[in-house]
Amino acid sequence: MESQKKIRIGFLLNSLNIPIWQYKAIVKLKDLPYVSLDLVVVNKEQKRKSKKKYATLFKKIIYLIYEKIDNSVFGKNVDLFSIVDSSQVFTNSNVIHIRPYYKGISTYIKDTDLEKIKSYELDIIVRFGFGIIKGDILNIPKKGVWSFHHGDNRYVRGSAPCFWEMYTNKTEIGLTLQELSSELDGGKVLYKSYSSLDRFSLSKNRNKIYSNSIPVLERLVKKIHNKGEIEYKKELIDIYDQPLYKNPTNLIAFIFLIRLVYRMLKKVILGFFVTEKWHLTYAKNTFPKLDGKKFKVIKSPKNKFWADPFLLDKDSESYVFFEEYCEKLEKGNISVIKFDDLISKKINKSQIIIDEDFHLSYPNIFEKDGVYYIVPESSEANEIRLYECIEFPFKWKYKRPIMENVKAWDPTFFFKDDKWWLFVNMTTHKYSPSSDELFLFYSDDILSNNWISHPLNPIITDVKRSRCAGKIFEFEGHIIRPSQNCGPRYGYGLVFNKISILTETDYQEEVIDQLSPEFSKTANCIHTFNKDNKYIISDIHQ
């Protein structure tokens, strides 16, 4: 009876020897106490041998050589695709070997084998093999056959993951988990995430999205266990008007390499002749109307840059807390300056208030019971750290960690409904990017180190709006979360999200507006937004 209460999962594999990323994803499922890995179906037929195998390889030899060279340069220390034996994971699973049959490019399972699979009464089948699977197998598991598509299925369907995004000069790469249907890469979307596109390396892009794939199955099964049902990612319109992409021909690969060399040369030349850095910028508070052209820039000191500004009003005075990055030491500290001194360009009036052996930034400052605290970004320390003000605004001391043994960026607090809510970007794998996934925690006491993880974590999996950009605030009865658009590049622009649901069991937000750096001929990024009653403060990269 106990096993029947568990979520019963089966797998379609080409072999028990599988890539490490798949192995780790399966292990995460196995570790869930309410999951039973009941069945493994192994393909005895494998791929059909093509009579034109060598001719086909020759037609894409340039792509294959580039792929190998790029992986040896950029992916040699990343172990996501090495093949491992999965037998030890499936010691308590039933393993059956079958021979499917083929129609065109599609794979079908024979009726006798379908009956065997049906007898296990599976809730989910995960497809890690068997190619393009079709037929009645799609209707056997109660919650469908699940399959990863390493790309954004709205724009790229087919082969060569991440290549076509680079070729067509996209700014993001997608990861999709679908419940398969008869339409290729067109099934119901169970999970979707976006990462920024590396314009120079195919391996780096693949490492991002395949590492991001590892926790996805575990996350979805947890949600099914908690809610009892699947929540599909609904899209108002589902149109696909692109070709079905295949592995690139020699001509396409040659064109791509020319573009790649051009990009690299451009980056080297610009890096040699053009110096860019962050500066603080401010404007009168006209929110929700924003005009980027009205922002005034305060140039950072020589050999330093100033970024991540937070505003605080105290005793009729406004203070700006910010990151001061020392280019020589290659790390940031937390500094403060009076707002009047800042706009008067008396930058020598600034003073360092928190300095550590590791990098600090994003000085999220808040007050509780008359005491001021700062929780900066301190990912290099592998913890979220709380600092207490001893003598405002210049003397601070480290009080305690809020979270330990975590890689966390830009922690942002919000008090609502007698609870403290912590929004923070985290990575769950050493190859995962820092700006892709936003996590939410809550606690009755902000000074506690006992923070409860929200059941929907990560609540946002989109590099275009995940990472926080400043304090969350209320405006005309709405909760607004400023975030960064890190799609085109880190900190490219600002996104304003309206939080509609914030509870211990649910979370929803929607994008209401954005501010890009296109208002300036010299700026290429704007990535912080904070305000008081009079002014807005931000930063700009130029």
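Residues numbered from 1 in each chain as written. Predicted model: local features only at pLDDT ≥ 70, side-chain atom pairs only at ≥ 80, totals over all residues. Heavy atoms only, no water.

(A) Layout of the overall build of the protein chain. Scanning the protein chain from N- to C-terminus turns up nine helices and 34 strands. The C-alpha atoms of the protein chain give a radius of gyration of 26 Å, which matches the 24 Å a tight globule of 542 residues would have. Counting only C-alpha atoms and orienting by the principal axes, one finds that the protein chain spans roughly 80 × 60 × 40 Å. Within the protein chain, contacts between residues separated by at least 24 positions form 62% of all contacts whose residues are at least 6 apart in sequence. Just so you have it, the protein chain exposes about 26,500 Å², and 50% of that area is on carbon and sulfur atoms. (Helix = DSSP H or I, 4+ residues; strand = E, 2+ residues; numbered from the N terminus. Rg over C-alpha atoms; globule rule 2.2 N^0.38 Å. Contact = heavy atoms within 4.5 Å. Areas by Shrake-Rupley, 256 points an atom, 1.4 Å probe, with all protein chains shown as cover.)

(B) View of the environment of D291. Tracing the backbone through its elements, the reader meets D291 in the loop between β15 (278–284) and β16 (296–298). Since its relative accessible area comes to 35%, D291 is described here as partly exposed. In the structure, D291 is positioned 224 residues away from L515 in sequence and 8.8 Å away in space, judged by C-alpha atoms. (Buried < 20%, exposed > 50% of the residue type's maximum accessible area, 1.4 Å probe, protein only.)

(C) Main features of helix α7 (residues 216–227). Taking 1.5 Å of rise per residue, 12 residues should cover 16 Å, and α7 covers 17 Å from first to last C-alpha, within 8% of that figure. Of all the residues in α7, the buried ones are V216, L217, E218, R219, L220, V221 and I224. Immediately downstream of α7, the backbone of G228 shows phi near 80°, a positive value. (Expected span 1.5 Å × (residues − 1).)

(D) A look at the nonpolar core. Ranked by internal contacts, the top residues of the largest apolar core, which has 54 residues, are I9, F11, W146 and V221. Counting 32 residues, the second-largest nonpolar core is a separate cluster that includes W396, W421, I460 and I479. (Core = buried A, V, L, I, M, F, W, Y, C linked by side-chain atoms within 4.5 Å.)

(E) Main features of the sheet that holds strand β1 (residues 7–13). With mixed pairing, seven strands are arranged side by side in an open sheet as β5-β3-β1-β8-β10-β12-β13. Only two strands of the sheet have a single neighbouring strand rather than two, namely β5 (94–98) and β13 (188–196). Across the sheet, the mean angle from the axis of one strand to that of its neighbour is 20°, orientation sign disregarded. In this structure, strand β8 (residues 124–127) lies alongside strand β10 (residues 145–149), joined through three bridges in parallel fashion. Of the residues in β10, the one forming a bridge with I125 is V145. Its contacts with the sheet put helix α6 (residues 202–213) on β10, β12 (172–179) and β13, and the angle it makes with β12 is roughly 35°. Against the sheet, α7 makes contact with β1, β3 (35–43), β8, β10, β12 and β13, and its axis sits at roughly 140° relative to β10, the strand it touches most. (Pairing = 2+ DSSP bridges. Axes fitted to C-alpha atoms, helices over the stretch in contact; angles between N-to-C directions.)

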